[in-house]
Amino acid sequence: MSVESNAAARLVYQIFDLQRAVRCVAAASLRGQDTGVALQGVLRFVGEGESRATHLAERLGVSAPVLSRHIADLEEHGYVVRRPDPEDGRAQLIALSAAGTEKLRVIEDQRTATIQDLLQDWSQDDVELTARTLEKLAESLRTSARATTAGPTNTTEIVEE
């Protein structure tokens, strides 16, 4: 199945428009916070489970030095902890501290409340459909990006009779 050029262009426009709208909402809700949007994004990914910094940088689509600065800022606030990777003594694992877990919960609660307020005229079905569509879009883009960066694979199909 192929997507028409006009439809793809409209989708790209809508994605960028959504990004702008989300940044505006996030900026308005950040007043008085000790973490900005970038640090909150890193905090969220760290909150998904202990991980190496290189893996986090790859998932976030940022360079190792950029992520290192963000991790240092979060560590300074007491939100993340580092420990040596038992499988590779040169590497470190990053995880949320208790304060980081609480901070992430507060951030997510605030975002949820903000979205609830902003989407009061939406039906539950509209919200659920939009969430499913965005999940599908994100997964398709991630899968395609992984395939593009991994390069061609040399797979052979085995047909069982």
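Residues numbered from 1 in each chain as written. Predicted model: local features only at pLDDT ≥ 70, side-chain atom pairs only at ≥ 80, totals over all residues. Heavy atoms only, no water.

1. Remarks on helix 2 (residues 37–46)
- Buried residues of helix 2: Leu39, Gln40, Val42, Leu43, Phe45 and Val46, and no others.
- Buried residues belonging to helix 2 abut helix 3 (53–60), helix 4 (64–76), strand 2 (80–85), strand 3 (88–96) and helix 5 (98–118). (Buried < 20%, exposed > 50% of the residue type's maximum accessible area, 1.4 Å probe, protein only. Helix = DSSP H or I, 4+ residues; strand = E, 2+ residues; numbered from the N terminus. Contact = heavy atoms within 4.5 Å.)

2. A short note on the pairing of strand 3
- By the bridge criterion, two bridges tie strand 1 (residues 51–52) to strand 3 in an arrangement that is antiparallel. Opposite Arg52, over in strand 3, you have Leu93 as the bridge partner.
- Alignment of strand 2 against strand 3, held across six bridges, turns out to be antiparallel. Looking across to strand 3, one finds that Arg83 is bridged to Leu93.
- What sits between the antiparallel neighbours strand 2 and strand 3 is a turn of two residues. (Pairing = 2+ DSSP bridges.)

3. A few points about the confidence of the model for the chain
- In this model, the chain carries an average pLDDT of 85, and 88% of its residues clear a pLDDT of 70 or more.
- Between residues 152–161, whose pLDDT stays under 50, and residues either more than four places distant or in other chains, the model counts zero contacts. (pLDDT = per-residue confidence, 0-100.)

4. Describing a nonpolar patch on the surface
- Together, Leu18, Val22 and Leu134 line one region of the surface with nonpolar side chains, adding up to about 250 Å² of accessible area.
- Secondary-structure assignment places Leu18 in helix 1 (residues 5–29). (Patch = residues over 30% accessible without salt bridge, like charges linked within 9 Å, V, L, I, M, F, W, Y side chains within 5 Å. Areas by Shrake-Rupley, 256 points an atom, 1.4 Å probe, with all protein chains shown as cover. Salt bridge = Lys/Arg side-chain N within 4 Å of Asp/Glu carboxyl O.)

5. Considerations on the sheet that holds strand 2
- The strand order across the open sheet built from three strands is 1-3-2, with neighbouring strands paired in antiparallel fashion. With one partner strand each, in any of the chains shown, strand 1 and strand 2 form the two edges of the open sheet.

6. Thoughts on helix 4
- With 13 residues, helix 4 extends 18 Å between its outermost C-alpha atoms, agreeing within 8% with the 18 Å of an ideal straight helix rising 1.5 Å per residue.
- Where helix 4 is concerned, the buried positions are Leu67, Ile71 and Leu74. End-on view of helix 4: buried residues confined to an arc of 60°, all on one side of the axis. Opposite the buried face of helix 4, at more than 90 degrees from it, the exposed residues are Arg69 and Glu76.
- Where the residues of helix 4 are buried, they touch helix 2, helix 3, strand 2 and strand 3.
- Following helix 4 by one or two positions, Gly78 adopts a phi angle in the positive range, close to 85°. (Expected span 1.5 Å × (residues − 1). Arc of directions from axis to C-beta.)

7. Some remarks on the nonpolar core
- Counting 16 residues, the largest nonpolar core has Leu43, Val46, Ile71, Leu74 and Val80 as its most contacted members.
- Contributing elements (two or more residues each) for this core: helix 2, helix 3, helix 4, strand 3 and helix 5.
- For Leu43, the residues in contact, after removing those within four places along its chain, are Leu74, Tyr79, Val80, Leu96, Gly100, Lys103, Leu104 and Ile107. (Core = buried A, V, L, I, M, F, W, Y, C linked by side-chain atoms within 4.5 Å.)

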